[in-house]
Amino acid sequence: KVANEIEDSNMPFTLQSGETHPEQDPLFDWDELARLIRIGDFETLRRTDEAVDFYHRWAKETRDRCGSVENFILKEKLGWKTETEPNSELVSNEFSTSSSKDPSDNVEASVVLFHSEAKEPNVKLLLNDFPYAIPKDVQHWVLWSRLPFFSAGNLKSSASTLQKALNLRQNGVGGFTGLNINPVEDEEVEEDEDDVGEEIRKFIIKTFDPREYTCAYFLNPEKLQSVK
């Protein structure tokens, strides 16, 4: 559950008053976290009231200084220049797809989607500065990606694949790697090499050796994404 040896560039956020992020008493144990992710109830995952209050004060100071929280994250936290395109030099055609720039024309552009072989500067894995109120022996990481996790442009024209993209946007996706995780009960998990969930799972396995770490991961639905 804990990956101490993976390097992290995060620095604890401090308010102008000198206040730092409050210590949180866990609101969930590991089994409850796994259950919520297994059933896709990501909205129930939360922070303590004290941590939420701290975040709002930090966000106000950050907006005053940087214009928006998004500007701070992209430019200072991640070091990404918003006007430049993701580096797709090493991206295989397997992960590229064509999509029309405009429905009214026939000009096609290449869309590079997130995939398990993605590397910096296209992706960064950092500890969450504002983690959920999780057990003390569990770490909350965030996978930041300049490559979209899903796009209508990567889907074939069948109604089923279009519906799949809609479901991802509305419901998100989650899963597990490592030991001591029970499979989804009474359900068959469909493995699809083009499925964003499968690409995320393979990325997690490459980063956190499943022989050593137990991971529960999820991609929030769009309505729960504070930064897109």
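Scroll up to find the structure.
Computed from a predicted model, the values in this text were never measured in an experiment. (Residues numbered from 1 in each chain as written. Predicted model: local features only at pLDDT ≥ 70, side-chain atom pairs only at ≥ 80, totals over all residues. Heavy atoms only, no water.)

1. A word on the overall build of the protein
- Check the secondary structure of the protein and you find 5 helices and 6 strands.
- The linear arrangement of helices and strands in the protein, starting from the amino end, is α-α-α-β-β-β-β-α-β-α-β.
- Looking at the protein residue by residue over its 228 residues, the buried ones come to 39%.
- Partitioning the contacts of the protein with sequence separation of at least 6, the portion at a separation of at least 24 is 70%.
- A total accessible area of about 14,300 Å² is found for the protein, and carbon and sulfur atoms account for 47% of it. (Helix = DSSP H or I, 4+ residues; strand = E, 2+ residues; numbered from the N terminus. Buried < 20%, exposed > 50% of the residue type's maximum accessible area, 1.4 Å probe, protein only. Contact = heavy atoms within 4.5 Å. Areas by Shrake-Rupley, 256 points an atom, 1.4 Å probe, with all protein chains shown as cover.)

2. Remarks on the environment of Phe 150
- Examined against the element boundaries, Phe 150 turns out to sit in the loop between strand S4 (141-145) and helix H4 (159-171).
- Along the sequence, Phe 150 and Asp 195 sit 45 residues apart, while their C-alpha atoms lie 8.9 Å from each other.
- If sequence neighbours within four positions are ignored, Phe 150 has contacts with Leu 168, Arg 169, Leu 219 and Glu 222.

3. Structural notes on the packing of aromatic side chains
- Enumeration over the complete set of coordinates arrives at 10 aromatic pairs.
- Aromatic pair Trp 58 and Phe 130: ring centres 5.0 Å apart, planes at 50 degrees, arrangement tilted. Here Trp 58, found in helix H2 (residues 49-66), pairs with Phe 130, found in the loop between strand S3 (123-127) and S4; they are 72 residues apart in sequence, far enough to count as distant.
- Within the aromatic cluster, the residues linked to one another by ring pairs are Phe 54, Tyr 55, Trp 58, Phe 72 and Phe 130. (Phe/Tyr/Trp six-rings, centres within 6.5 Å; stacked < 30°, edge-to-face > 60°.)

4. Structural notes on the side chain of Ser 145
- On the secondary structure map, Ser 145 appears in strand S4.
- Of the residues examined, Ser 145 reaches a relative accessible area of 19% and is grouped as buried.
- Separated by 2.7 Å, the side chain of Ser 145 and the backbone oxygen of Leu 147 make a polar contact.
- Aside from chain neighbours lying at most four places away, what touches Ser 145 is Trp 80, Phe 114, Asn 122 and Val 123. (Polar contact = N/O pair within 3.5 Å; in protein donor to acceptor, adjacent residues only side chain to side chain.)

5. Observations regarding the pattern of salt bridges
- The full count for this structure, using the stated rule, is 12 salt bridges.
- Across the pair Lys 77 and Asp 129 runs a salt bridge whose closest N-O atoms are separated by 3.0 Å. Placement of the pair is Lys 77 in helix H3 (residues 69-77) and Asp 129 in the loop between S3 and S4, with a sequence separation of 52 residues.
- In this structure, Lys 202 engages Glu 199 in a salt bridge whose closest nitrogen and oxygen atoms are separated by 3.2 Å. Here Lys 202 and its partner Glu 199 are both found in helix H5 (residues 196-207), 3 residues apart, which amounts to about one turn of the helix.
- Using a relative accessible area of 28% as the deciding quantity, one classes Lys 202 as partly exposed.
- Its relative accessible area of 3% is what places Glu 199 among the buried residues. (Salt bridge = Lys/Arg side-chain N within 4 Å of Asp/Glu carboxyl O.)

6. Observations regarding the pairing of strand S5 (residues 173-177)
- When you tally the buried positions in S5, you get 4 out of 5 residues, the bulk of the element.
- Bridging between S5 and strand S6 (residues 215-219) involves 5 bridges; their strand directions are antiparallel. The residue of S6 that forms the bridge with Gly 175 is Tyr 217. (Pairing = 2+ DSSP bridges.)

7. A few points about the nonpolar core
- Core analysis: the biggest nonpolar cluster contains 20 residues, and Phe 114, Phe 149, Ile 200, Ile 204, Phe 208 and Leu 219 have the highest contact counts within it.
- Broken down by secondary-structure element, the contributors of at least two residues to this core are S3, H5 and S6.
- Looking at this core, the element that brings in the most residues is H5, giving 4 residues. (Core = buried A, V, L, I, M, F, W, Y, C linked by side-chain atoms within 4.5 Å.)

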